[in-house]
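Given next are the chains, with one letter for each unit.
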Amino acid sequence: MDTRGRVTKDGIRIYEDADFDGMHKAGRLAAETLDRIIPFIVPGVTTGEIDKRVEDMVTEAGATSATIGYKGYRHATCISINHVVCHGIPSDKRLHEGDILNIDVTVIVDGWFGDTSRMYAVGKISRKAERLVEITHEALMRGIEAVKPGNTFGDIGHAIQTFVEKNRMSVVRDFCGHGLGQVFHAPPNVLHYGRPGKGAVLEEGMFFTIEPMVNLGRPETKVLADDWTAVTRDKSLSAQFEHSIGVTATGAEIFTLSPAGKFHPTWG
């Protein structure tokens, strides 16, 4: 139970200045873990092997993986390949040249949650996959640029949606970002589509994720029989990037910046 700060009429917790430090520590570890896994994203490795390495890294850092035991989930990551939109379960599935994949990790450091995900490329990928990754990353950053006190969550969604659709791709509607802090998931739901001026008003001290999922084809998804894995209905490629942020007096502070500057697979 998170009892820090006050709560708005929309049920969104407002944190204090001192709380930003805890979120930065958790976010840095999550991002650093995703930096360190880069050398292991190669053809032939299994997603289960990647997951085990991430779990070991988090444990060695003295932190806890938030997803292990969450609603019965047993892994330290979600790993979503190609047409998997999100919540892909690590397994004995091997990576192949040309795959794109999202790895999502959430850690708990001193009670604070750091949640981030990013895309990886396995060897040389197709131009259409490369462009999907580029557009999805830019959509996230445009959403973050819309964050400042007085704007609304609809402004964030609108910035993402208009950019994606201008590039003839689609925004997934079935999943969204969320509040976090000393809890994993909390209000608000952060939609990646919307209308300007609609939704709750942003205030300094709000903590939440922005994590757009973008499809090359249509936006519809379906969840497989395992009750976790979400895929595109039309089997088109999907990509996602996620940052945890805090609202400041002038904009947004990103808690999950890559220490190595490698948040995007073509960087570095």
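Bear in mind that the values here come from a model prediction, so they are computed numbers and not experimental data.

Structurally, N167 is set in the loop between α4 (153-166) and β8 (170-171). Sequence spacing of N167 and P259 is 92 residues, and the spatial spacing of their C-alpha atoms is 30 Å. For N167, the contacting residues outside a window of four places in its chain are R131 and I135. Of note is the side chain of N167, whose polar atom sits 3.2 Å from the side chain of R131.

In this section: the nonpolar core. Ranked by size, the top nonpolar core spans 36 residues in total, and within it F153, I156, F208 and I210 carry the most contacts. Of all elements in the fold, only α3 (127-145), α4, β11 (207-210) and β16 (243-247) reach the threshold of two or more residues within this core. Per element, the largest residue contribution to this core is seven residues, and it comes from α3. The residues touching F208, leaving out its near neighbours within four places in the chain, are V147, F153, I156, H178, G179, L180, V190, L202, H243, S244, I245 and V247.

This brings us to the sheet that holds strand β14 (residues 230-232). Pairing in this open sheet of three strands is antiparallel, and the strands run β5-β14-β13 from one edge to the other. Of all the strands in the sheet, the pair left with one neighbour each is β5 (84-86) and β13 (221-223). When strand polarity is set aside, the average angle formed by the axes of neighbouring strands in this sheet is 40 degrees.

Working definition: an aromatic ring pair is given by the centre-to-centre distance plus the angle between the planes. A complete count under the given rule lists ten aromatic pairs for this structure. Considering the side-chain rings of F20 and F207, the 5.0 Å spacing of their centres and the 90 degrees angle between planes classify their relative orientation as edge-to-face. Residue F20 is found in helix α1 (residues 19-36), and its partner F207 is found in strand β11; the two are separated by 187 residues along the sequence. Since its relative accessible area comes to 10%, F20 is described here as buried. Ring centres of F20 and F255 lie 5.8 Å apart, and the angle between their planes is 65 degrees; this geometry places the pair in the edge-to-face category. Separated by 235 residues along the polypeptide, F20 in helix α1 and F255 in the segment after β17 (252-254) bring together distant segments of the chain. Under the relative-accessibility criterion, F255 is labelled buried at 2%.

Of all five residues that make up β16, five are buried, and the element is covered over most of its length. On β16, burial covers both faces: H243, I245 and V247 on one face and S244 and G246 on the other are all buried. As judged from the four bridges shared by β11 and β16, these two strands associate in the antiparallel manner. Of the residues in β16, the one forming a bridge with F208 is I245.

Let us now look at the sheet that holds strand β12 (residues 213-215). The antiparallel open sheet is built from three strands, whose spatial order is β8-β12-β15. Only two strands of the sheet have a single neighbouring strand rather than two, namely β8 and β15 (238-240). Bridge count between β12 and β15: three bridges; the pairing is antiparallel. Considered in β15, the bridge of M213 is made with Q240. Against the sheet, α3 engages β12 and β15, with an angle of about 35 degrees to β15.

Each value, and the rule that gives it
Residues numbered from 1 in each chain as written. Predicted model: local features only at pLDDT ≥ 70, side-chain atom pairs only at ≥ 80, totals over all residues. Heavy atoms only, no water. Helix = DSSP H or I, 4+ residues; strand = E, 2+ residues; numbered from the N terminus. Contact = heavy atoms within 4.5 Å. Polar contact = N/O pair within 3.5 Å; in protein donor to acceptor, adjacent residues only side chain to side chain. Core = buried A, V, L, I, M, F, W, Y, C linked by side-chain atoms within 4.5 Å. Buried < 20%, exposed > 50% of the residue type's maximum accessible area, 1.4 Å probe, protein only. Pairing = 2+ DSSP bridges. Axes fitted to C-alpha atoms, helices over the stretch in contact; angles between N-to-C directions. Phe/Tyr/Trp six-rings, centres within 6.5 Å; stacked < 30°, edge-to-face > 60°.

No statement about biological role is implied by the geometric values presented.
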